[in-house]
Amino acid sequence: MRYECTWCGTQMREDTLLPEDGISYGICGSCVGARSGRVDRVTDLDPISADALPFGLVVLDADATVVAYNRPEAELSGLDPDSVIGTSFFRHVAPCTAVEDFQGRFDRLQRRGVTAVERFTFLFRFKEGDKLVRVSMAYESGSSLTSLLVSIVPREPEATSE
């Protein structure tokens, strides 16, 4: 079993003693931030550890129902975690993501049924302004769960003319 960071893609470790072949997506120590150590599986995070992450985390089941939603994601989206858990991500939480570039990726990962990750940027359009985010979408075949790690892409400072 090979463990790879969902966020940055770094191989964290390889465990040849485990009977299962394949890959598992966790978060390396560098990307975890304030937490010490690494997380071998994103979907195994308890709510307190998930809230300590330096980026948003949304975990979806095979039907795209939200099963976990951390505090940094709530701050990013402006939504209360208790109001989104148990609801459809693409219909109720983030309907703007019900497009090929986002939901299409989720659907393909689900159909393939193989542990995999896709990393991409996505533009959220809000009343208060657009937010360009970086997304790491990881599907874990053993659990049929898909984790979304989300962070704002920093804007380049605007050039000033003299």
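To keep things clear, this report deals only with the structure shown in the data block. Keep in mind the model is a prediction, meaning the values are calculated, not measured. (Residues numbered from 1 in each chain as written. Predicted model: local features only at pLDDT ≥ 70, side-chain atom pairs only at ≥ 80, totals over all residues. Heavy atoms only, no water.)

Turning next to the overall build of the protein chain. Looking only at helices and strands, the protein chain has 6 helices and 8 strands in total. In the protein chain, the succession of α and β elements from N to C terminus is β-β-β-α-α-β-β-α-α-α-α-β-β-β. Residues classed as buried in the protein chain amount to 44% of the 162 residues present. Counting contacts in the protein chain only where the partners sit at least 6 residues apart, residues at least 24 apart contribute 37% of the total. Roughly 8900 Å² of accessible area belongs to the protein chain as shown, and the carbon and sulfur atoms make up 49% of that amount. (Helix = DSSP H or I, 4+ residues; strand = E, 2+ residues; numbered from the N terminus. Buried < 20%, exposed > 50% of the residue type's maximum accessible area, 1.4 Å probe, protein only. Contact = heavy atoms within 4.5 Å. Areas by Shrake-Rupley, 256 points an atom, 1.4 Å probe, with all protein chains shown as cover.)

Now for the nonpolar core. Core analysis: the largest hydrophobic core is formed by 25 residues, its most contacted members being Val66, Phe89, Phe102 and Leu148. Secondary-structure elements contributing two or more residues to this core are strand 4 (56-60), strand 5 (66-69), helix 3 (71-77), helix 5 (89-93), helix 6 (100-112), strand 6 (116-126), strand 7 (129-140) and strand 8 (145-152). In terms of nonpolar packing, the next biggest core, distinct from the first, is built from 18 residues, Cys5, Ile27, Cys31 and Val32 among them. (Core = buried A, V, L, I, M, F, W, Y, C linked by side-chain atoms within 4.5 Å.)

Moving on, we get to the environment of Ala94. Tracing the backbone shows Ala94 in the loop between helix 5 and helix 6. Spatially, the C-alpha atoms of Ala94 and Val84 are 9.9 Å apart, while their sequence positions differ by 10 residues.

Turning to its location among the elements, Gln110 is positioned in helix 6. Beyond its immediate stretch of four places on either side in the chain, Gln110 contacts Asp61, Ala62, Tyr139, Ser144 and Thr146.

For helix 6, the complete set of buried residues consists of Phe102, Gly104, Arg105, Phe106, Leu109 and Gln110. In this fold, the buried residues of helix 6 make contact with strand 4, helix 5, strand 6, strand 7 and strand 8. Gly113, located one to two residues past helix 6, shows a positive phi value of around 70 degrees.

On to the sheet that holds strand 8. Strand order in this open sheet of 5 strands is 5-4-8-7-6, and the pairing throughout is antiparallel. A single partner strand is all that each edge strand has here, and the edge strands are strand 5 and strand 6. Strand after strand, the sheet turns through a mean of 25 degrees between neighbouring axes, direction not considered. Across 5 bridges, strand 4 lies against strand 8 in antiparallel orientation. Residue pairing for strand 8: Leu57 is matched across the bridge by Leu149. Strands in contact with helix 6 are strand 4, strand 6, strand 7 and strand 8; relative to strand 6, the strand with the most contacts, it is inclined by about 155 degrees. (Pairing = 2+ DSSP bridges. Axes fitted to C-alpha atoms, helices over the stretch in contact; angles between N-to-C directions.)

This part covers the pairing of strand 4. The element strand 4 is largely enclosed, with a buried count of 5 among its 5 residues. Side chains Gly56, Val58 and Leu60 of strand 4 all project onto a buried face; the interleaved residues Leu57 and Val59 project onto the opposite face, where all are buried too. Where strand 4 meets strand 5, 3 bridges bridge the pair, whose relative direction is antiparallel. By the bridge assignment for strand 5, Leu60 is matched with Val66. Connecting strand 4 to the next strand, strand 5, in antiparallel fashion are 5 residues, including Ala64 with a positive phi near 70 degrees.

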